[in-house]
Amino acid sequence: MIDESCLGCAPGPSSKLRDLVRFVLTAFRRRDNRRRILRLQDMSDQDLKDIGLTRLDLRLAIHESGFFGDPSIGLMQRARRSIER
């Protein structure tokens, strides 16, 4: 008989594996977002302006996110603020 009162009490192998998979997928997503933002630098200043961004916004998003961060979050916030002005 299984003691259901303790289900989920201690992390088992499946939850550790799930956490590892989540970590790896998050790392790949962040890397992909960083690469996409770096490609935005190939756009003209006018094209960036059309989407509410500047070259400085791109550089700051990359710099402020750190190596393991997701720069797309900060970049979206900057674009929204620019559009609201």
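Presented here is an overview of the structure given in this document. Quick caveat, the model's predicted, so the values are computed rather than measured. Here the residue index of a chain counts from 1 through its sequence in written order. Where totals are concerned, whole chains, interfaces and linings use all residues; where local detail is concerned, this predicted model gives features only for residues with pLDDT of at least 70, and gives and counts side-chain atom pairs only at 80 or more. Each side-chain value is derived from all of the structure's non-hydrogen atoms; neither hydrogens nor water enter the calculation.

## Structural notes on the overall build of the protein
Selection criterion: The numbering of helices and of strands both runs from the N terminus, where a helix is a DSSP run of H or I of at least 4 residues and a strand a run of E of at least 2. Think of it in three bands: with a 1.4 Å probe and only protein chains considered, a residue is buried below 20% of the maximum accessible area for its type, exposed above 50%, and partly exposed in between. The contact definition used throughout considers only heavy atoms, calling two residues in contact when any of these lie within 4.5 Å.
From N to C terminus, the protein includes four helices and zero strands. Along the protein, helices and strands appear, N-terminal first, in the series α-α-α-α. Counting across all 85 residues of the protein, residues that qualify as buried make up 22%. Within the protein, contacts between residues separated by at least 24 positions form 50% of all contacts whose residues are at least 6 apart in sequence.

## Looking at the packing of aromatic side chains
What counts, and what does not: Classification of ring pairs rests on two measures: the distance between centres of Phe, Tyr or Trp rings, Trp counted by its six-membered ring, which must be within 6.5 Å, and the angle between planes, read as stacked under 30 degrees, edge-to-face over 60 and tilted in between.
Here the structure, examined in full by the defined rule, presents one aromatic pair. Taken together, a centroid distance of 4.9 Å and an interplanar angle of 90° make the contact between Phe67 and Phe68 edge-to-face. Both residues of the pair, Phe67 and Phe68, belong to the exposed class.

## Description of the packing of helix α1 (residues 13–40) against helix α3 (residues 55–65)
Put simply, the rule reads: Where helices are involved, their axes are fitted lines through C-alpha atoms of the stretch in contact, as for all axes, and angles between N-to-C directions lie from 0 to 180°. Here the angle decides the label: under 35 degrees means roughly parallel, over 145 means roughly antiparallel, 65 to 115 means roughly perpendicular, and every other value means oblique. Helix crossings get a hand from a simple test, with the near helix turned counterclockwise from the far one by less than a right angle marking a left-handed crossing and a clockwise turn marking a right-handed one. The residue classification treats Ala, Val, Leu, Ile, Met, Phe, Trp, Tyr, Cys and Pro as nonpolar and Asp, Glu, Lys and Arg as charged. All others, Gly included, are polar.
Between α1 and α3, the shortest axis-to-axis distance is 9 Å and the interhelical angle comes to 155°. For the element pair α1 / α3, the angle class is roughly antiparallel. Handedness of the crossing formed by α1 with α3: left-handed. Along its contact with α1, which presents Arg34, Ile37, Leu38 and Leu40, the element α3 presents Leu58, Ile62 and Ser65. The class makeup of the residues in the contact of α1 with α3 is five nonpolar, one polar and one charged.

## Points about the packing of α3 against helix α4 (residues 71–84)
Their axes nearest at 8 Å, the elements α3 and α4 cross at an angle of 140°. Comparing their axes, α4 and α3 come out oblique. The two elements α3 and α4 meet at a crossing, and its hand is right-handed. On the side of α3, the interface is formed by Asp57, Leu58, Leu60, Ala61, Ile62, Glu64 and Ser65, while α4 contributes Pro71, Leu75 and Arg78. Across the contact of α3 with α4, the residue classes break down as six nonpolar, one polar and three charged.

## Here we look at the layout of surface pockets
For clarity, the cut-off: Within this scheme a cavity is a closed region of a 1 Å grid, computed over the protein atoms alone, that accommodates a 1.4 Å probe without allowing it to escape, whereas a pocket is open but has protein on both sides within 12 Å along at least five of seven lines; lining residues each have an atom within 4 Å of a point. Grid points are joined across faces, edges and corners, and a volume is the space filled by probe spheres set on the points.
Taken as a whole, the largest pocket encloses approximately 180 Å³ of empty space. Around the largest pocket, the lining residues are Phe23, Thr26, Ala27, Arg30, Arg31, Arg34, Phe67, Phe68 and Gly69.

## Remarks on a nonpolar patch on the surface
Going by this rule: Two distance rules govern patches: like charges are joined within 9 Å, and nonpolar side chains (Val, Leu, Ile, Met, Phe, Trp, Tyr) within 5 Å, applied only to residues with over 30% relative accessible area and no salt bridge. Accessible surface is estimated by sampling points in the Shrake-Rupley manner with a 1.4 Å probe; for residues, cover comes only from the protein chains shown. By salt bridge we mean one thing: a side-chain nitrogen of Lys or Arg within 4 Å of a carboxyl oxygen of Asp or Glu.
A surface patch of nonpolar side chains, amounting to about 690 Å² of accessible area, comprises Leu17, Leu20, Val21, Phe23, Val24, Leu25 and Phe28. Following the sequence through the fold, Leu17 ends up in helix α1.

## Describing the pattern of salt bridges
Where charged atoms from two side chains of opposite charge come close, those side chains can pair. Under the criterion given, the structure shown has five salt bridges. The closest approach of N and O atoms between Asp19 and Arg22, which form a salt bridge, is 3.5 Å. In this pair, Asp19 and Arg22 both sit in helix α1, three residues apart, roughly one turn of the helix. Using a relative accessible area of 43% as the deciding quantity, one classes Asp19 as partly exposed. When the shortest N-O distance is used, the salt bridge between Arg55 and Asp45 registers 2.7 Å. In this pair, Arg55 is assigned in helix α3 and Asp45 in helix α2 (residues 45–50), connecting sequence segments ten residues apart. According to the relative accessible area criterion, Asp45 is exposed, its value standing at 52%.

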